[in-house]
Amino acid sequence: DIIEHLSLNDREKLIKLNNFNIDPEVFIELNESIQTEIITYLSSESIVTILTNLESDDAISILENVPEKDKNIILSSYINITQLKYKKSKINNENT
């Protein structure tokens, strides 16, 4: 809620902080225009972190707001991390 009420300038300053971290469940609840604005300031790694910690339908919804020039890199990283999580989960299940 607080992020949505900040001015555009203050929101940009907050997001550009080196250690800016937003809970993916909080991010998904933000207004879509605010999400899109925040995405423009986040690094690809930060966006991938958000995506990998959400349900796939929410991740896809967010990915639709990522600028075209960044989509391939982010999607590739997202797929790689998701595959690694799946393999790790499968190995853990086999060992139990």
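Owing to the predicted nature of the structure, the values given are computational and were not obtained by experimental measurement.

Rules of the game
Residues numbered from 1 in each chain as written. Predicted model: local features only at pLDDT ≥ 70, side-chain atom pairs only at ≥ 80, totals over all residues. Heavy atoms only, no water. Helix = DSSP H or I, 4+ residues; strand = E, 2+ residues; numbered from the N terminus. Buried < 20%, exposed > 50% of the residue type's maximum accessible area, 1.4 Å probe, protein only. Contact = heavy atoms within 4.5 Å. Areas by Shrake-Rupley, 256 points an atom, 1.4 Å probe, with all protein chains shown as cover. Lys, Arg positive; Asp, Glu negative; His and termini not counted. Charge placed at Lys NZ, Arg CZ, Asp CG, Glu CD. Patch = residues over 30% accessible without salt bridge, like charges linked within 9 Å, V, L, I, M, F, W, Y side chains within 5 Å. Salt bridge = Lys/Arg side-chain N within 4 Å of Asp/Glu carboxyl O.

As for the overall build of the chain
Inference 1: Each helix and strand counted, the chain has seven helices and zero strands in total.
Inference 2: Tracing the chain from N to C terminus, the helices and strands come up as α-α-α-α-α-α-α.
Inference 3: With respect to the principal axes defined by its C-alpha atoms, the chain has extents near 50 × 30 × 25 Å.
Inference 4: Within the chain, buried positions represent 29% of all 96 residues.
Inference 5: Across the chain, contacts joining residues at least 24 apart in sequence account for 55% of those joining residues at least 6 apart.
Inference 6: Element-wise, carbon and sulfur atoms account for 50% of the exposed surface of the chain, whose accessible area totals about 6700 Å².
Inference 7: Charge-centre separation for the chain: the mean point of 9 positive side chains lies 9 Å from the mean point of 17 negative side chains.

Structural notes on a negative patch on the surface
Inference 1: Where like charges cluster on the molecular surface, the negative patch consists of Asp-23, Glu-25, Glu-29, Glu-55 and Asp-57.
Inference 2: Counting through the fold element by element, Glu-29 comes out in the loop between helix H3 (24-27) and helix H4 (32-41).

Section: the pattern of salt bridges
Inference 1: One pass over the full model with this rule turns up four salt bridges.
Inference 2: A salt bridge links Glu-12 to Lys-16; the shortest N-O distance between them is 2.6 Å.
Inference 3: Since its relative accessible area comes to 22%, Glu-12 is described here as partly exposed.
Inference 4: The shortest N-O distance in the salt bridge between Glu-68 and Lys-71 comes to 3.0 Å. Here the residue Glu-68 and the residue Lys-71 both occupy positions in helix H7 (residues 68-94), the gap between them amounting to three residues, near one helical turn.

Comments concerning helix H5 (residues 44-52)
Inference 1: Every buried residue of H5 is listed here: Ile-47, Val-48, Ile-50, Leu-51 and Thr-52.
Inference 2: Where H5 is buried, its residues meet H3, H4, helix H6 (56-63) and H7.

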